[in-house]
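# Remarks on the overall topology
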Amino acid sequence: MWLEGWWAYVFIAIAGWLATDIWRWLGVLAGKRLREDSEALNWVRAVATALVAAVIAKLILYPNGVLEQSPLWLRLGAVALGAIAFFLARQIPAVGIATAIATLAAGLWWRGF
Amino acid sequence: MERVEDERSVLAWFLTGARGIFSLPAMILMLSFVGFCSLTVQAGVPPEQVVFMTGIVWALPAKVILVSSVLSGASLATTFLAVTLSSVRLMPMVAALVPELRTAKTPTWLLLVLSHFIAITAWVFAMERVQKVPRPHRVTFFAGFGITLVAANMMLVAIVYRLVTDFPPIVAGCLFFLTPVYFLASIWNSARHRVVYLALAAGLVAGPLFYWLLPEFDILLAGVGGGTLAWLAERFWRPRREAGA
């Protein structure tokens with residue numbers, strides 16, 4: 001059962017807007033204190049990058065939707081080939097991305113998707 | 001005379017940022033929003049609420065958790081907790097971006113307002129592109145990109161809601177896969193500090209590890225644990241004279 005009337009908007013504002021923007025505001029207040037050449041910013045940068053990397057790993061290892069039924073070796077193989085193409089092409093992102101997606105598409109087609 | 005020139009250049013930088021809507025990451029994000037739209041249609045969320053949610057919550061993972069939490073019959077307090085816990089990652093992301101964006105004169109209220117437009121795609125995009133923008137114009141550039149991206153997705157959701165059709169499986173699979181692959185390439189490509197490469201590797205390993213150990217807090221633990229480890233490793237291996245400088 002979905003939410004109705006004005007209550008839906010209050011619900012979304014509290015559980016959606018407040019629950020996310022609190023962290024953004026705290027991030028601004030913390031970020032303002034960080035000097036650009038400081039060791040603290042280096043640490044924050046490392047933590048933020050590792051967080052996003054963890055999200056990336058989850059998307060590749062535990063995807064939802066159609067890819068849930070695709071074999072893990074195909075997804076990892078697509079990323080590996082994409083990475084090889086990326087480094088061979090002097091780190092041009094488009095080359096790596098296109099190779100990975102083309103590999104995945106070929107694999108999915110071959111598996112009868 | 002000078003003032004006019006100044007205003008013109010502010011508008012120009014805002015528009016330069018807005019043009020980011022035609023970039024690969026913006027396209028990928030819009031396709032993800034088409035996917036989110038079909039989730040909300042199936043869940044029975046009215047279109048006005050989907051548009052409202054897109055503008056006010058913005059972060060896509062937070063919205064998916066919000067919708068699925070309500071569907072499972074969770075109360076306001078439970079839903080708030082679920083969304084809050086999943087959104088902690090926004091704090092270090094914003095904290096790492098703010099020193100890149102601001103100048104000594106940037107008012108705090110402006111940064112607080114603009115922080116709303118930061119979610120994972122805008123973060124990756126900004127960390128990469130902002131380096132090429134002269135510092136005094138970075139905030140304007142980001143505002144142009146962030147505001148345009150949110151507005152475009154609100155319109156997209158309003159339109160697509162009525163015509164949602166499912167993509168063929170191969171297309172849907174490839175669209176989904178574009179997100180992680182693009183993030184990987186972009187982070188590697190835009191890294192100017194050695195610690196970023198180490199943190200990327202640490203997070204890729206720590207993510208699945210903590211998902212296996214403590215699935216409730218996996219992303220947060222992988223970020224703090226993997227990030228700290230990467231930072232320590234980089235400090236340890238940094239050449240002496242550089243560390244002393």
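Thresholds applied
Residues numbered from 1 in each chain as written. Chains lettered and ligands numbered in written order. Predicted model: local features only at pLDDT ≥ 70, side-chain atom pairs only at ≥ 80, totals over all residues. Heavy atoms only, no water. Helix = DSSP H or I, 4+ residues; strand = E, 2+ residues; numbered from the N terminus. Rg over C-alpha atoms; globule rule 2.2 N^0.38 Å. Core = buried A, V, L, I, M, F, W, Y, C linked by side-chain atoms within 4.5 Å. Buried < 20%, exposed > 50% of the residue type's maximum accessible area, 1.4 Å probe, protein only. Contact = heavy atoms within 4.5 Å. Buried area = accessible area lost by both parts, 1.4 Å probe. Salt bridge = Lys/Arg side-chain N within 4 Å of Asp/Glu carboxyl O. Polar contact = N/O pair within 3.5 Å; in protein donor to acceptor, adjacent residues only side chain to side chain. Nonpolar A, V, L, I, M, F, W, Y, C, P; charged D, E, K, R; others polar. Domains from an automatic or database assignment.

### Points about the overall build of chain B
- Check the secondary structure of chain B and you find 13 helices and 0 strands.
- When the elements of chain B are put in sequence order from the N terminus, they spell out α-α-α-α-α-α-α-α-α-α-α-α-α.
- Compactness check: chain B gives a C-alpha radius of gyration of 20 Å against a globular reference of 18 Å for 245 residues, within 12% of the reference.
- Along the first, second and third principal axes, the C-alpha atoms of chain B reach 60 × 60 × 40 Å.

### Considering the nonpolar core
- Core analysis: the largest hydrophobic core is formed by 109 residues, its most contacted members being Leu104(A), Met53(B), Leu66(B), Leu97(B), Trp123(B), Phe142(B) and Phe177(B).
- The greatest single-element share of this core, amounting to 13 residues, is contributed by helix H2 (residues 39-61) of chain A.
- Not counting the four nearest positions on each side in its chain, Met53(B) is found in contact with Trp2(A), Ile12(A), Phe36(B), Val45(B), Trp58(B), Lys63(B), Leu66(B) and Val67(B).

### Details of the interface of chain A and chain B
- Each partner contributes residues to the interface: chain A has 70 residues there, and chain B has 90 residues.
- Carbon and sulfur atoms make up 79% of the area that chain A and chain B hide from each other, which totals about 7300 Å².
- Seen at the junction of chain A and chain B, the total is 4 salt bridges.
- Asp218(B) is the partner of Lys58(A) in a salt bridge, and the nearest nitrogen-oxygen pair spans 2.8 Å.
- Counting across the chain A and chain B interface gives 16 residue pairs in polar contact (both at pLDDT 80 or more).
- Those elements that provide at least two residues to the side of chain A that touches chain B are helix H1 (5-32), H2, helix H3 (72-88) and helix H4 (93-110) of chain A.
- Among the elements that make up the side of chain A that touches chain B, the one with the highest residue count is H1(A) (24 residues).
- Residues of the side of chain A that touches chain B, tallied by class, amount to 54 nonpolar, 8 polar and 8 charged.

### Describing the environment of Leu111(B)
- Counting through the fold element by element, Leu111(B) comes out in helix H7 (residues 108-115).
- Exposure remark for Leu111(B): the relative accessible area of 4% places this residue in the buried category.
- Along the chain, Leu111(B) and Ser186(B) lie 75 residues apart, while their C-alpha atoms are 24 Å from each other.
- Once residues within four sequence positions are removed from consideration, Leu111(B) is found in contact with Val28(A), Lys32(A), Val98(B), Arg102(B) and Thr106(B).

### Considerations on helix H8 (residues 120-129) of chain B
- By the criterion of burial, H8(B) is predominantly enclosed, with 9 of the 10 residues buried.
- What H8(B) keeps buried is the set Ile120(B), Thr121(B), Ala122(B), Trp123(B), Val124(B), Phe125(B), Ala126(B), Met127(B) and Glu128(B).
- Where H8(B) is buried, its residues touch H2 of chain A together with helix H2 (24-43), helix H6 (90-101), helix H9 (138-163) and helix H10 (169-190) of chain B.

### Focus: the domain arrangement of chain B
Residues and elements named next belong to chain B.
- Taken domain by domain, chain B comprises domain 1 (2-190) and domain 2 (192-245).
- Taking the mean C-alpha position of each, domain 1 and domain 2 sit 25 Å from one another.
- Both sides of the domain 1 and domain 2 interface together cover about 790 Å² of buried area, and 73% of this is carbon and sulfur.
- At the boundary of domain 1 and domain 2, one finds 1 salt bridge.
- Two residues, Arg192 and Glu100, come together in a salt bridge whose shortest N-O distance is 2.9 Å.
- For the pair domain 1 and domain 2, the interface holds 2 residue pairs in polar contact (both at pLDDT 80 or more).
- For the side of domain 1 that touches domain 2, the leading source of residues is H10, giving 4 residues.
- When its residues are assigned to classes, the side of domain 1 that touches domain 2 shows 5 nonpolar, 2 polar and 2 charged.

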